[in-house]
Amino acid sequence: DTGVSQDPRHKITKRGQNVTFRCDPISEHNRLYWYRQTLGQGPEFLTYFQNEAQLEKSRLLSDRFSAERPKGSFSTLEIQRTEQGDSAMYLCASSLEGNNSPLHFGNGTRLTVT
Amino acid sequence: GNSVTQMEGPVTLSEEAFLTINCTYTATGYPSLFWYVQYPGEGLQLLLKATKADDKGSNKGFEATYRKETTSFHLEKGSVQVSDSAVYFCALSGRYNFNKFYFGSGTKLNVKP
């Protein structure tokens, strides 16, 4: 068990550019989540996958955001036409199926939009 | 709807002091409750959990009891160490909505030697 890994750790981009983040969950976990965390706040839910199916999306996820998990393993989160308000820490988490299964988080990708 | 409210920080304590971080929740149905800890530069780590009323979660000297009557899940530790300095997040998981987690805003703990 190598834990949840995210890449890159940091990303600095200019406003209007597209960025893509990758998440590799714990291998036996079939649930994968993306959260966003801004300074001084707790993580906010963005979207959730069970295997390759995206089952829920937050209204925070505008049409500039898209997430995929094509083979039910790793996931990507793409932000198109980035805005300064997108600057945040993007967290990926995974879990086993089951109502009481805790989330296991990666270390996050810190995005700075200049 | 579901939400979590926790005490604002930072909380500054001397080593070996008693710690309480308050957490209250609003939820439909009967959620599971969690405390996560985030050390500087790291991701959130599960500290402890409780899945039903009157359950007590415990780990590394930390404890929290699921109190349905007061909708609370306060975190306590009898004697804090410098290494406990971190941000602590209270969270709930809705029982019927695909394990979706709701987090409080976090409480930063600073422990001085």
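Please refer to the structure placed before this passage.
Residues numbered from 1 in each chain as written. Chains lettered and ligands numbered in written order. Predicted model: local features only at pLDDT ≥ 70, side-chain atom pairs only at ≥ 80, totals over all residues. Heavy atoms only, no water.

A few words now on the overall build of chain A. When helices and strands are counted, chain A shows 0 helices and 11 strands. From first element to last, N terminus to C terminus, chain A shows the α and β order β-β-β-β-β-β-β-β-β-β-β. In terms of overall size, chain A behaves like a compact globule, its C-alpha atoms giving a radius of gyration of 13 Å where 114 residues would be expected to give roughly 13 Å. The principal-axis extent of the C-alpha atoms belonging to chain A is close to 40 × 25 × 20 Å. Total accessible area on chain A is roughly 5700 Å²; 43% of this is exposed by carbon and sulfur atoms. Averaged over its 14 positive side-chain charges, chain A has a centre that lies 7 Å from the centre of its 13 negative ones. (Helix = DSSP H or I, 4+ residues; strand = E, 2+ residues; numbered from the N terminus. Rg over C-alpha atoms; globule rule 2.2 N^0.38 Å. Areas by Shrake-Rupley, 256 points an atom, 1.4 Å probe, with all protein chains shown as cover. Lys, Arg positive; Asp, Glu negative; His and termini not counted. Charge placed at Lys NZ, Arg CZ, Asp CG, Glu CD.)

Bringing the interface of chain B and chain A into the picture now. Opposite the 22 residues of chain B that make contact, chain A presents 24 residues. Interface of chain B and chain A: buried area, both sides summed, is about 1800 Å²; carbon and sulfur atoms make up 50% of it. For the pair chain B and chain A, the interface holds 1 salt bridge. A salt bridge links lysine 100 of chain B to glutamate 56 of chain A, with the nearest nitrogen and oxygen atoms 3.1 Å apart. Run the count over chain B and chain A and you get 6 residue pairs in polar contact (both at pLDDT 80 or more). Taken together, the elements giving at least two residues each to the side of chain B that touches chain A come down to β5 (32-38), β6 (44-50), β10 (86-93) and β11 (101-103) of chain B. Across the side of chain B that touches chain A, the residue classes break down as 8 nonpolar, 10 polar and 4 charged. (Contact = heavy atoms within 4.5 Å. Buried area = accessible area lost by both parts, 1.4 Å probe. Salt bridge = Lys/Arg side-chain N within 4 Å of Asp/Glu carboxyl O. Polar contact = N/O pair within 3.5 Å; in protein donor to acceptor, adjacent residues only side chain to side chain. Nonpolar A, V, L, I, M, F, W, Y, C, P; charged D, E, K, R; others polar.)

With that out of the way, let us pick up the packing of aromatic side chains. Under the counting rule described, the total for this entry stands at 15 aromatic pairs over all chains. Put simply, the rings of Tyr33, Tyr35, Phe45, Tyr48 and Phe105 of chain A together with Phe34, Tyr36, Phe101 and Phe103 of chain B touch in pairs and so form one group of aromatic residues. Seen from the ring of phenylalanine 74 of chain A, arginine 22 of chain A lies directly overhead, with NZ or CZ sitting 3.9 Å from the centre. (Phe/Tyr/Trp six-rings, centres within 6.5 Å; stacked < 30°, edge-to-face > 60°. Lys NZ or Arg CZ within 6 Å of the ring centre and 35° of its normal.)

Residues and elements named next belong to chain B. Taking strand neighbours across the sheet as the criterion, the 4 strands line up as β3-β9-β8-β7 in an open arrangement whose pairing is antiparallel. Edge positions in the sheet fall to β3 (19-21) and β7 (56-59), since each has one partner strand and no second. Within the sheet, the average angular offset between the axes of one strand and its neighbour, ignoring direction, is 15°. Of the pairings in the sheet, the one linking β7 to strand β8 (residues 62-65) comprises 4 bridges and is antiparallel in character. Within β8, the residue paired with lysine 56 across the bridge is threonine 65. (Pairing = 2+ DSSP bridges. Axes fitted to C-alpha atoms, helices over the stretch in contact; angles between N-to-C directions.)

It is worth spelling out unusual backbone geometry at this point. If a residue is not glycine, its phi is most likely negative; likewise, a peptide bond is most likely trans. Note the cis peptide between aspartate 7 of chain A and proline 8 of chain A, where omega equals 0°. By secondary structure assignment, the location of proline 8 of chain A is in the loop between β1 (5-7) and β2 (10-13). Backbone geometry at glutamate 16 of chain B places phi at a positive 80°, although glycine is not the residue there. Within the secondary structure, glutamate 16 of chain B is located in the loop between β2 (11-14) and β3.

Moving on, we get to the environment of serine 3 of chain B. Residues and elements named next belong to chain B. Looking at where serine 3 falls in the secondary structure, it is placed in strand β1 (residues 3-6). Overall, serine 3 belongs to the partly exposed group, its relative accessible area being 33%. With sequence-adjacent residues up to four places away left out, serine 3 is seen in contact with Thr24, Tyr25, Thr26 and Leu92. (Buried < 20%, exposed > 50% of the residue type's maximum accessible area, 1.4 Å probe, protein only.)

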